[in-house]
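Spelled out, the chains give:
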Amino acid sequence: MASITLAKGINTGLRAAMEADPKVVLMGEDIGKLGGVFRVTDGLQKDFGEHRVIDTPLAESGIIGTAIGMALRGYRPVCEIQFDGFVYPAFDQIVSQLAKMRARALGAVTLPVVVRIPVGGGIGAVEHHSESNEAYFAHTAGLRVVCCSDPVDAHFMIQQAIASDDPVIFYEPKRRYWEKADLPEGLTLGDAMPLHRAKVVREGEHVTLAVYGPMVKTCLEAAAAAAEEEHSLEVVDLRSLSPLDVDTLAASVEKTGRLVVVHEASTFVGMGAEVAARISERCFYSLEAPVLRVGGFNVPYPASKLEEEFLPDLDRVLDAVDRSLAY
Amino acid sequence: MTDSAVGRGEAVSTVDGGPELIQLLTPAGERTHHPEYSRYVEHLDADDLRGLLRDLTLVRRVDTEATALQRQGELGIWASLLGQEAAQVGSGRALAPQDYAFPTYREHGVAWCRGVDPLNLLGLFRGVNHGGWDPDEKNFHLYTIVIGAQTLHATGYAMGIQRDGAVGTGDPSRDAAVIAYFGDGATAQGDVNEAFVFAAVQNAPVVFFCQNNQWAISEPNDRQTRIPLYRRAAGFGFPGVRVDGNDVLAVYAVTKAALESARSGNGPTFVEAFTYRMGAHTTSDDPTRYRVAAEVDIWKERDPIVRLRNHLLAQGLVDDAFFEALQAESDQLAAHVRQGCLALPDPDPLSMFDHVFVDEHPLLQQERREFASYRESFLDGGES
């Protein structure tokens, strides 16, 4: 078994996709010789050439807009947005063009574009480098939005996203880029879980934690700590934010009767709100407590000296678990 | 802001287009020689020239009919091309079949040249769809309403052509180019400027075709630029030319040259077609609030159709029989547009769920099912 980091898992996934389909091209800032600021595209330009790994001008709208044009010509562009906070200049191209063009064309065009976005905080960065903006895109019809959390999953999810004929916003938890896991030998894309399925990553009986991206690790640690106090937590990695796998989550909540949703993004109109609404509708008679949310506060992402206060951590997760159990 | 605070320096939009305006037909319809561009129209024979007059006449007729349909409540809105027929037909007829056009929402004349049924343009304006044609069928992309967004799509498409090895091979049936349409107002957009940067550094086979119709709704050129627009290209590193947009021959020649340059691997060209929006921005606009009638009168003297007609009359290439036949064809086309418009079916409410995804997901399917059964509950109630 080979041990890989999350960054390497995506890197090897990109490589596999490029080897499998000559129409796959990568576009982004500094993704060529540098290999991207997080080295996710390391070595790919050297092996696939400048025509397939394109160092673009520093213009995010331009990246997505030209990727749309390339997709219309039959290519499968994978765009890298350097940091979450830099996606906003591309907002119109993603929301008004990429997401809507197929419906506008009554199905006559297909836009297999992947937009990779390193997401979230916890790396001590300056402003605009730590944001969690998934709710904007999950709110947009016509986009698929996923968020990986571990190296093996990421390796296959990126390949599934590239194979998707629909546009995919692909979030990568940047503070987990260096986390390692073993990639089992012989495991193939065909064995991988479908892209839009949620995964129970730890089974438990008392409370369900619904979580994705960087907070999955935090929640697993919280579950381990809770176990010492005889609290059995089930951790569900949502993986896909749009569409949401409500079935898997509902099955868990019907078993535990309690749900806490955890994410880095501000809770106000965040993914947790949608999850809470869906689960309240589906599991009303199974719920022993209201669905609780743990997330960022409704303030601009603070300066990095304060980010540990802003970001949910193990203790805030367990505090919510205690509040849920108190009902 | 006082008037003295804007529009300083040279006039950005002199009424006559300035000394660098490329022209092959004077407003009176006399042929002039241009050392660089005359050769691009030399092959046009009498049939070709009559064909251009036919195009100009028919697209204006479609436009007139659509405006009437809006006034009668059959279209929600219409964006008229009145006055810009030559810019659109001249450039549209310069395209090779394998070239690809990315329009704004006003390129009805280009659509005509690409063979899109004018009826298909009406769906968007009638509110029955957002775009009623398959772009790949005629290599004519859907109308784009967000100003300038399509210039990036055009550039990306051109980058795809490069990667397909369909540039600079010397095979005239293989080498392809893209033309991106936009207006003077769009030149202020970030997307347009980003498209220029991407196209320049990639040396992409794209022609940026700007119809400078002098007005971005109510804002004249001097609220968008301090220099004539075609000169912007130099700063991006590719050629820019200003052509008389009401001279169909000059537009044809300049566009043909730019497309050939792109197809042969010489990268982008910026073409500024200097023209005039004779009508309102759309049927919802009231230009009397911001421009004077005398300005419109000046441009009436430069009507693109009159110009070509005078030329063909002087050359003895058209006669009464030609005009009678054209009138009949024009009437027939107008009837087709009118009848077709009235017959456009309202969409099935459930069709809004179609085509959002290639691979529909369960939540969307669930919404469709629930909405269908909600609607059916009313039908049941009515029958009982």
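Residues numbered from 1 in each chain as written. Chains lettered and ligands numbered in written order. Predicted model: local features only at pLDDT ≥ 70, side-chain atom pairs only at ≥ 80, totals over all residues.

1. Some details on the overall build of chain B
Okay, so step 1: In terms of helices and strands, chain B carries 13 helices and seven strands.
Okay, so step 2: Taking 384 residues into account, the globule formula puts the C-alpha radius of gyration at 21 Å, and chain B, at 22 Å, falls close to it.
Okay, so step 3: Across its three principal directions, the C-alpha atoms of chain B cover 80 × 55 × 50 Å.
Okay, so step 4: In chain B, which comprises 384 residues, the proportion classed as buried is 46%.
Okay, so step 5: Contacts in chain B between residues far apart in sequence, at least 24 positions, make up 77% of those at least 6 positions apart. (Helix = DSSP H or I, 4+ residues; strand = E, 2+ residues; numbered from the N terminus. Rg over C-alpha atoms; globule rule 2.2 N^0.38 Å. Buried ≥ 20, exposed ≤ 12 C-beta atoms within 10 Å, placed from the backbone. Contact = placed C-beta atoms within 7 Å.)

2. Side note on helix 1 (residues 46–71) of chain B
Three- or four-residue spacings in an α-helix give side chains the same orientation, since the helix completes a turn every 3.6 residues.
Okay, so step 1: An ideal rise of 1.5 Å per residue puts 38 Å on 26 residues; helix 1 of chain B measures up with 38 Å between its terminal C-alpha atoms.
Okay, so step 2: Positive phi shows up at Gly73(B), right after helix 1 of chain B, with a value of about 85°. (Expected span 1.5 Å × (residues − 1).)

3. Structural notes on the domain arrangement of chain B
In many analyses, interface size is given as the accessible surface area lost on bringing the parts together.
Okay, so step 1: One can read the domain layout of chain B as domain 1 (3–343) and domain 2 (352–383).
Okay, so step 2: On a C-alpha basis, the centroid separation for the pair domain 1 of chain B and domain 2 of chain B is 41 Å. (Domains from an automatic or database assignment.)

4. Points about the domain arrangement of chain A
All names here are of chain A.
Okay, so step 1: Split by domain assignment, chain A resolves into domain 1 (2–191) and domain 2 (199–326).
Okay, so step 2: Here domain 1 and domain 2 have C-alpha centroids that lie 26 Å from each other.
Okay, so step 3: If you look at the interface, domain 1 gives 23 residues, while domain 2 gives 21 residues.
Okay, so step 4: Mapped by element, the contributors of at least two residues to the side of domain 1 that touches domain 2 are helix 6 (134–138), strand 6 (144–147) and strand 7 (168–173).
Okay, so step 5: In terms of residue count, the dominant contributor to the side of domain 1 that touches domain 2 is strand 6 (four residues).
Okay, so step 6: A breakdown of the residues in the side of domain 1 that touches domain 2 according to their chemical character gives 10 nonpolar, seven polar and six charged. (Nonpolar A, V, L, I, M, F, W, Y, C, P; charged D, E, K, R; others polar.)

5. Points about the interface of chain A and chain B
Okay, so step 1: Taken together, the contact between chain A and chain B spans 35 residues of the former and 34 residues of the latter.
Okay, so step 2: Elements with a contribution of two residues or more to the side of chain A that touches chain B: helix 3 (60–72), helix 4 (91–98) and helix 5 (101–104) of chain A.
Okay, so step 3: Considering only residue class, the side of chain A that touches chain B consists of 15 nonpolar, 14 polar and six charged.

6. Focus: the sheet that holds strand 7 (residues 269–274) of chain B
All names here are of chain B.
Okay, so step 1: Taking strand neighbours across the sheet as the criterion, the five strands line up as 1-2-3-7-6 in an open arrangement whose pairing is parallel. Looking at the sheet topology across the chains shown, the edges are occupied by strand 1 (100–102) and strand 6 (240–244). Neighbour-to-neighbour, the strand axes of the sheet open up by a mean angle of 20°, direction not taken into account.
Okay, so step 2: Where strand 6 and strand 7 come together, five bridges link them in parallel fashion. Of the residues in strand 7, the one forming a bridge with Asp244 is Phe274.
Okay, so step 3: In the packing of helix 6 (residues 149–163) onto the sheet, the strands contacted are strand 1, strand 2 (178–183) and strand 3 (206–212), and the crossing angle to strand 2 comes to about 170°.
Okay, so step 4: Strand contacts of helix 9 (residues 248–263): strand 2, strand 3, strand 6 and strand 7, with the helix running at about 170° to strand 7, the strand carrying the most contacts. (Pairing = 2+ DSSP bridges. Axes fitted to C-alpha atoms, helices over the stretch in contact; angles between N-to-C directions.)

7. A word on the pairing of strand 6 of chain A
Residue and element names in this part refer to chain A.
Okay, so step 1: Residues Arg144 and Val146 point to one face of strand 6 and Val145 and Cys147 to the other, with burial holding for every one of them.
Okay, so step 2: The β-α-β motif built from strand 6, the intervening helix 7 (residues 151–163) and the parallel element strand 7 has right-handed crossover chirality.
Okay, so step 3: Two elements, strand 6 and strand 12 (residues 240–242), share two bridges in a ladder whose sense is antiparallel. Bridge pairing in strand 12 links Val145 to Ser242. (Right-handed = clockwise from strand over helix to strand, strands pointing away.)

8. Considerations on the sheet that holds strand 10 (residues 207–211) of chain A
The strands making up a sheet associate through backbone hydrogen bonding, with each pair oriented either parallel or antiparallel.
Residues and elements named next belong to chain A.
Okay, so step 1: Read from one edge of the open sheet, five strands run 9-11-10-13-14, paired in mixed fashion. A single partner strand is all that each edge strand has here, and the edge strands are strand 9 (199–202) and strand 14 (292–296). Taking each pair of neighbouring strands and ignoring which way they run, the sheet shows an average axis angle of 25°.
Okay, so step 2: Where strand 10 and strand 13 (residues 259–266) come together, four bridges link them in parallel fashion. When the sheet's bridge partners are listed, Val211 is paired in strand 13 with Val262.
Okay, so step 3: On the sheet, helix 8 (residues 215–227) packs against strand 9, strand 10, strand 11 (233–237) and strand 13 and is oriented at approximately 170° with respect to strand 11.

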